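So you can see what is in the structure, the chains are spelled out below.
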Amino acid sequence: VQLQASGGGLVQVGGSLRLSCEVSGSIYRMQRMGWYRQRPGNQRELVASDSIGSDPEYEDSVKGRFTISRAHARMVYLQMNNLKPDDTGVYYCAADRFGWVAGRYEYWGQGTQVTVSS
């Protein structure tokens with residue numbers, strides 16, 4: 001199973017980016033998909049998660065600016081608006097077939113760099 005993330009890049013403060021992540025090599029739907037980020041000097045943190053049948057969840061600093069959505073059961077987007085320098089980091093997508101354990105993800109994608117310049 002592979003997760004292919006794309007859409008990162010360099011953007012100015014206040015700009016927007018949309019990250020995409022698609023699962024390949026699995027016939028299963030992914031009950032939960034999420035986006036994590038690792039900012040310079042910080043630990044990896046959850047940014048947003050989407051579980052089928054439940055409301056999405058967001059880290060407090062991105063609420064109202066980021067939106068997680070699904071194209072289908074094995075593809076997820078992260079729309080990031082009004083980006084700030086503090087959003088700079090490597091963004092990772094993650095997926096879990098069953099979503100039984102809170103915060104647990106079976107599969108991880110490679111990171112995509114997001115850089116917000118002031």
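As shown above, the structure is provided for reference.
Conventions and cut-offs
- Residues numbered from 1 in each chain as written.
- Predicted model: local features only at pLDDT ≥ 70, side-chain atom pairs only at ≥ 80, totals over all residues.
- Heavy atoms only, no water.
- Salt bridge = Lys/Arg side-chain N within 4 Å of Asp/Glu carboxyl O.
- Buried < 20%, exposed > 50% of the residue type's maximum accessible area, 1.4 Å probe, protein only.
- Helix = DSSP H or I, 4+ residues; strand = E, 2+ residues; numbered from the N terminus.
- Patch = residues over 30% accessible without salt bridge, like charges linked within 9 Å, V, L, I, M, F, W, Y side chains within 5 Å.
- Areas by Shrake-Rupley, 256 points an atom, 1.4 Å probe, with all protein chains shown as cover.
- Core = buried A, V, L, I, M, F, W, Y, C linked by side-chain atoms within 4.5 Å.
- Contact = heavy atoms within 4.5 Å.
- Pairing = 2+ DSSP bridges.
- Axes fitted to C-alpha atoms, helices over the stretch in contact; angles between N-to-C directions.
- Disulfide = S-S within 2.5 Å.

Chemist: Describe the pattern of salt bridges, listing the residues and the values that go with them.
Modeler: Once their charged atoms are close, side chains differing in charge can pair, the charge on each being opposite to the other. Under the defined criterion, the tally for this structure stands at ten salt bridges. Residue Arg37 pairs with Glu45 through a salt bridge whose shortest N-O separation is 2.8 Å. As far as the burial class goes, Arg37 and Glu45 line up, both buried. The salt bridge partner of Arg70 is Asp50, with a shortest N-O separation of 2.8 Å. Taken together, the residues span a long stretch of sequence, with Arg70 in strand S7 (residues 66-72) and Asp50 in strand S5 (residues 45-51) at a distance of 20 residues.

Chemist: Run through unusual backbone geometry, naming residues and quoting values.
Modeler: Of note in this structure, Asn82 is not a glycine but carries a positive phi near 50°. Positionally, Asn82 belongs in the loop between strand S8 (75-80) and strand S9 (89-96).

Chemist: Which residues make up a nonpolar patch on the surface, and what values do they have?
Modeler: On the surface, Phe98, Trp100 and Val101 cluster together to form a nonpolar patch covering roughly 370 Å² of accessible area. Among the structural elements, Trp100 can be located in the loop between S9 and strand S10 (107-108). Judged by relative accessible area, Trp100 falls into the exposed class, the value being 72%.

Chemist: Could you give me a rundown of the nonpolar core, with the residues and numbers involved?
Modeler: If you look at the biggest cluster of nonpolar residues, it comprises 25 residues, and the most contacted ones within it are Trp35, Phe66, Leu78, Met80 and Tyr91. Mapped onto this core, the elements with two or more residues apiece are strand S1 (2-6), strand S3 (17-24), strand S4 (32-38), S5, S7, S8, S9 and strand S11 (112-117). Looking at which element gives the most residues to this core, the answer is S3, with four residues. Apart from the residues within four sequence positions on either side, Met80 is in contact with Gly15, Ser16, Leu17, Leu19, Arg65, Phe66, Tyr91 and Val114.

Chemist: I'd love a proper account of the sheet that holds S1, names of residues and values included.
Modeler: Spatial ordering of the open sheet is given by S1-S3-S8-S7, a layout of four strands whose pairing is antiparallel. Since the sheet does not close on itself, it has two edges, and those belong to S1 and S7, each with one partner. The sheet shows a mean angle of 15° between the axes of neighbouring strands, direction not considered.

Chemist: Can you tell me about the state of the cysteines, naming the residues and giving the values?
Modeler: Evaluation of the coordinates by the stated rule reveals one disulfide. Across a sulfur-sulfur distance of 2.0 Å, Cys21 and Cys93 are joined as a disulfide pair. With the S-S dihedral at roughly 55°, the linkage between Cys21 and Cys93 falls on the right-handed side. Remark: Cys93 occurs in strand S9 and Cys21 occurs in strand S3; sequence separation between them is 72 residues. Judged by relative accessible area, Cys21 falls into the buried class, the value being 0%.

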